[in-house]
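# Observations on the model geometry
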Amino acid sequence: MTLHRSGRLPARLTPHEVRTHAFDARRSGVDPDQVREFQARVADELAELHRRVRLLAQENDRLKRALRDWQAMHARECRPPNDGHW
């Protein structure tokens, strides 16, 4: 990911920003209907990606909790073979 000149990560682009972004008019411009159609496609894809990232983050948190629980349970059940230093 590219950092902004300020050294910070840029703000996350939202589907709404993609849908509503206005472009400057040019003399030999493009078809505005095609631009809006493309913006809608990009915004839909971006919304889906945001949804998937959110779901993956939730799954990651669930797995981390399960691993911590398993480690805690396993640590209670494991006893060293002797009372020596190691």
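None of the values given here were measured: they were computed from a predicted structure.

Structurally, the position occupied by Gln 39 is in helix α2 (residues 32–77). In this structure Gln 39 comes out as buried when scored by relative accessible area, which is 7%. Gln 39 has contacts with Val 18, Arg 19, His 21 and Phe 23, leaving out every residue within four places of it along the chain.

Enumeration according to the criterion identifies 4 salt bridges in this entry. A salt bridge links Glu 48 to Arg 51; its shortest N-O distance comes to 2.7 Å. Within this pair, Glu 48 and its partner Arg 51 are both found in helix α2, separated by 3 residues, close to a single helical turn.

Before going further, it helps to examine the side chain of His 50. By the secondary structure assignment, His 50 is in helix α2. In this view, His 50 contacts Arg 12, Leu 13, Thr 14 and Pro 15; residues no more than four positions away in its chain are not counted.

Every α-helix winds through 3.6 residues per turn, so residues three or four apart in the chain are directed the same way. End to end, α2 covers 67 Å across 46 residues, agreeing with the expected 68 Å (1.5 Å per residue, within 8%). By the burial criterion, the buried members of α2 are Gln 39, Ala 43, Leu 46 and His 50. Tucked inside the fold, the buried residues of α2 contact α1 (15–20). The residue sitting at the N-terminus of α2 and contributing the capping side-chain oxygen is Asp 31; that oxygen lies 2.9 Å from the backbone nitrogen of Asp 33.

Now for a nonpolar patch on the surface. A cluster of nonpolar residues, Leu 67, Trp 70 and Met 73, forms a patch on the protein surface that exposes about 300 Å² of accessible area. Examined against the element boundaries, Met 73 turns out to sit in helix α2. Here Met 73 falls in the partly exposed class, since its relative accessible area comes to 36%.

About the cut-offs
- Residues numbered from 1 in each chain as written.
- Predicted model: local features only at pLDDT ≥ 70, side-chain atom pairs only at ≥ 80, totals over all residues.
- Heavy atoms only, no water.
- Helix = DSSP H or I, 4+ residues; strand = E, 2+ residues; numbered from the N terminus.
- Buried < 20%, exposed > 50% of the residue type's maximum accessible area, 1.4 Å probe, protein only.
- Contact = heavy atoms within 4.5 Å.
- Salt bridge = Lys/Arg side-chain N within 4 Å of Asp/Glu carboxyl O.
- Expected span 1.5 Å × (residues − 1).
- Polar contact = N/O pair within 3.5 Å; in protein donor to acceptor, adjacent residues only side chain to side chain.
- Patch = residues over 30% accessible without salt bridge, like charges linked within 9 Å, V, L, I, M, F, W, Y side chains within 5 Å.
- Areas by Shrake-Rupley, 256 points an atom, 1.4 Å probe, with all protein chains shown as cover.

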